[in-house]
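# Survey of secondary and tertiary structure
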Amino acid sequence: MFAKIVMFVCCLLCAVPFLIISAYNRNNAITPITFWSGSEGKLKKELQDIQGYNGEVAAVYRKCALAFLIAGAGALIHMAVGLVILVFDCTVGVYLVYRRYKMLLQKYAG
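The notes below deal with the structure included here.

### Thoughts on the pattern of salt bridges
By the definition in use, this model includes two salt bridges. The shortest N-O distance in the salt bridge between R100 and E56 comes to 2.9 Å. One end of the pair, R100, is in helix α4 (residues 79–108); the other, E56, is in helix α3 (residues 50–77), and 44 residues separate them in sequence. Classification of R100 as partly exposed rests on a relative accessible area of 32%. Residue E56 is classed as buried on the basis of its relative accessible area, which comes to 18%. The partner of K107 in a salt bridge is E56, with the nearest N and O atoms 2.7 Å apart. Taken together, the residues span a long stretch of sequence, with K107 in helix α4 and E56 in helix α3 at a distance of 51 residues. Note on K107: relative accessible area 54%, which makes it exposed. Members of the salt-bridge network, linked through shared partners, are E56, R100 and K107.

Encoded structure:
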(Lines give C-alpha, C1' and ligand atoms only; values in the text may rest on other atoms or scores of the structure.)
Protein backbone atom coordinates (compact mmCIF):
# COMPACT_ATOMS: atom_id res chain seq x y z
CA MET A 1 0.00 0.00 0.00
CA PHE A 2 2.90 2.35 0.76
CA ALA A 3 4.21 2.02 -2.82
CA LYS A 4 0.81 3.00 -4.22
CA ILE A 5 0.72 6.12 -2.07
CA VAL A 6 4.28 7.06 -3.05
CA MET A 7 3.45 6.73 -6.75
CA PHE A 8 0.27 8.76 -6.31
CA VAL A 9 2.22 11.54 -4.57
CA CYS A 10 4.90 11.48 -7.30
CA CYS A 11 2.24 11.78 -10.01
CA LEU A 12 0.59 14.58 -8.06
CA LEU A 13 3.92 16.41 -7.85
CA CYS A 14 4.26 16.07 -11.63
CA ALA A 15 0.74 17.40 -12.23
CA VAL A 16 0.92 20.46 -9.97
CA PRO A 17 3.45 22.47 -12.07
CA PHE A 18 1.36 21.94 -15.20
CA LEU A 19 -1.73 23.16 -13.35
CA ILE A 20 0.10 26.21 -12.01
CA ILE A 21 1.48 27.15 -15.43
CA SER A 22 -1.90 26.73 -17.09
CA ALA A 23 -3.81 28.68 -14.43
CA TYR A 24 -1.30 31.50 -14.05
CA ASN A 25 -0.56 32.17 -17.73
CA ARG A 26 -3.76 31.32 -19.60
CA ASN A 27 -4.86 34.98 -19.99
CA ASN A 28 -1.40 36.52 -20.19
CA ALA A 29 -1.07 38.67 -23.32
CA ILE A 30 2.57 39.64 -22.75
CA THR A 31 4.60 36.47 -22.12
CA PRO A 32 3.94 33.30 -24.14
CA ILE A 33 3.93 29.88 -22.48
CA THR A 34 6.94 27.96 -23.74
CA PHE A 35 7.09 24.27 -24.48
CA TRP A 36 8.90 23.15 -21.32
CA SER A 37 12.25 24.87 -21.93
CA GLY A 38 11.75 27.13 -24.93
CA SER A 39 12.81 30.71 -25.46
CA GLU A 40 10.27 33.42 -24.60
CA GLY A 41 12.02 36.04 -26.72
CA LYS A 42 11.89 33.92 -29.85
CA LEU A 43 8.21 33.10 -29.29
CA LYS A 44 7.30 36.77 -28.74
CA LYS A 45 8.73 37.58 -32.16
CA GLU A 46 6.95 34.67 -33.89
CA LEU A 47 3.45 34.89 -32.41
CA GLN A 48 0.73 37.30 -33.54
CA ASP A 49 -1.89 36.55 -30.84
CA ILE A 50 -0.07 35.67 -27.61
CA GLN A 51 -3.23 35.61 -25.47
CA GLY A 52 -5.02 33.19 -27.82
CA TYR A 53 -1.90 31.04 -28.03
CA ASN A 54 -1.55 30.99 -24.24
CA GLY A 55 -5.18 29.97 -23.82
CA GLU A 56 -4.74 26.94 -26.07
CA VAL A 57 -1.34 25.94 -24.65
CA ALA A 58 -2.79 26.25 -21.13
CA ALA A 59 -5.52 23.79 -22.15
CA VAL A 60 -2.83 21.37 -23.35
CA TYR A 61 -0.97 21.73 -20.04
CA ARG A 62 -4.20 21.08 -18.10
CA LYS A 63 -4.61 17.85 -20.07
CA CYS A 64 -1.04 16.89 -19.16
CA ALA A 65 -1.82 17.48 -15.50
CA LEU A 66 -4.98 15.41 -15.81
CA ALA A 67 -3.02 12.57 -17.42
CA PHE A 68 -0.62 12.48 -14.47
CA LEU A 69 -3.49 12.59 -11.99
CA ILE A 70 -5.16 9.66 -13.77
CA ALA A 71 -1.89 7.72 -13.58
CA GLY A 72 -1.72 8.42 -9.85
CA ALA A 73 -5.32 7.35 -9.35
CA GLY A 74 -4.61 4.21 -11.37
CA ALA A 75 -1.70 3.47 -9.04
CA LEU A 76 -4.02 3.71 -6.04
CA ILE A 77 -6.25 1.10 -7.68
CA HIS A 78 -3.41 -1.21 -8.71
CA MET A 79 0.30 -0.46 -9.14
CA ALA A 80 0.48 -2.08 -12.59
CA VAL A 81 -2.41 0.04 -13.86
CA GLY A 82 -0.69 3.21 -12.69
CA LEU A 83 2.61 2.17 -14.26
CA VAL A 84 1.01 1.37 -17.62
CA ILE A 85 -0.76 4.73 -17.68
CA LEU A 86 2.42 6.54 -16.63
CA VAL A 87 4.47 4.86 -19.37
CA PHE A 88 1.77 5.82 -21.88
CA ASP A 89 1.85 9.43 -20.62
CA CYS A 90 5.63 9.63 -20.89
CA THR A 91 5.87 8.12 -24.38
CA VAL A 92 2.81 8.53 -26.57
CA GLY A 93 1.51 11.40 -24.46
CA VAL A 94 4.67 13.47 -24.88
CA TYR A 95 4.56 12.89 -28.64
CA LEU A 96 0.93 14.00 -28.82
CA VAL A 97 1.62 17.11 -26.74
CA TYR A 98 4.59 18.02 -28.94
CA ARG A 99 2.53 17.56 -32.10
CA ARG A 100 -0.26 19.75 -30.70
CA TYR A 101 2.28 22.39 -29.69
CA LYS A 102 3.70 22.49 -33.22
CA MET A 103 0.17 22.87 -34.64
CA LEU A 104 -0.48 25.79 -32.28
CA LEU A 105 2.79 27.45 -33.30
CA GLN A 106 1.78 27.27 -36.94
CA LYS A 107 -1.71 28.55 -36.15
CA TYR A 108 -0.54 31.63 -34.21
CA ALA A 109 2.76 32.40 -36.02
CA GLY A 110 2.77 35.41 -38.28
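### Quick word on the packing of α3 against α4
For the pair α3 and α4, the least separation of the axes is 8 Å and the interaxial angle reads 175 degrees. Judged on the interaxial angle alone, α4 and α3 are roughly antiparallel. When its residues are assigned to classes, the contact of α3 with α4 shows 19 nonpolar, three polar and four charged.

### Brief notes about the layout of surface pockets
Put simply, the largest pocket is a space of about 340 Å³. If you trace the largest pocket, you find 17 residues lining it, with V60, K63, C64, G93 and V97 closest to the centre. If you list the elements that add at least two residues to the lining of the largest pocket, you get α3 and α4. The element contributing the most residues to the lining of the largest pocket is α4, with eight residues. Taken together, the residues of the lining of the largest pocket sort by class into twelve nonpolar, one polar and four charged.

### Looking at the packing of aromatic side chains
A full pass over the atoms with the stated rule returns six aromatic pairs. Ring geometry for F35 against Y101: centres 4.7 Å apart, planes inclined by 25 degrees, an arrangement best described as stacked. Of the two residues, F35 is situated in the loop between α1 (2–25) and α2 (40–46) and Y101 in helix α4; the sequence distance between them amounts to 66 residues. Between the aromatic rings of Y53 and Y108, the centroid separation amounts to 6.3 Å while the plane-to-plane angle is 80 degrees, which identifies the pairing as edge-to-face. Note that Y53 is positioned in helix α3 and Y108 in helix α4, a separation of 55 residues in sequence. Judged on exposure class, the residue Y53 and its partner Y108 are both buried. Joined through ring pairs, the aromatic side chains of F35, Y53, Y98, Y101 and Y108 make up one cluster.

Definitions and cut-offs
Residues numbered from 1 in each chain as written. Predicted model: local features only at pLDDT ≥ 70, side-chain atom pairs only at ≥ 80, totals over all residues. Heavy atoms only, no water. Salt bridge = Lys/Arg side-chain N within 4 Å of Asp/Glu carboxyl O. Helix = DSSP H or I, 4+ residues; strand = E, 2+ residues; numbered from the N terminus. Buried < 20%, exposed > 50% of the residue type's maximum accessible area, 1.4 Å probe, protein only. Axes fitted to C-alpha atoms, helices over the stretch in contact; angles between N-to-C directions. Parallel < 35°, antiparallel > 145°, perpendicular 65-115°, else oblique. Nonpolar A, V, L, I, M, F, W, Y, C, P; charged D, E, K, R; others polar. 1 Å grid on protein atoms, 1.4 Å probe; cavity = no way out; pocket = protein on both sides within 12 Å on 5 of 7 lines; lining within 4 Å. Points joined across faces, edges and corners; volume = space filled by probe spheres on them. Phe/Tyr/Trp six-rings, centres within 6.5 Å; stacked < 30°, edge-to-face > 60°.

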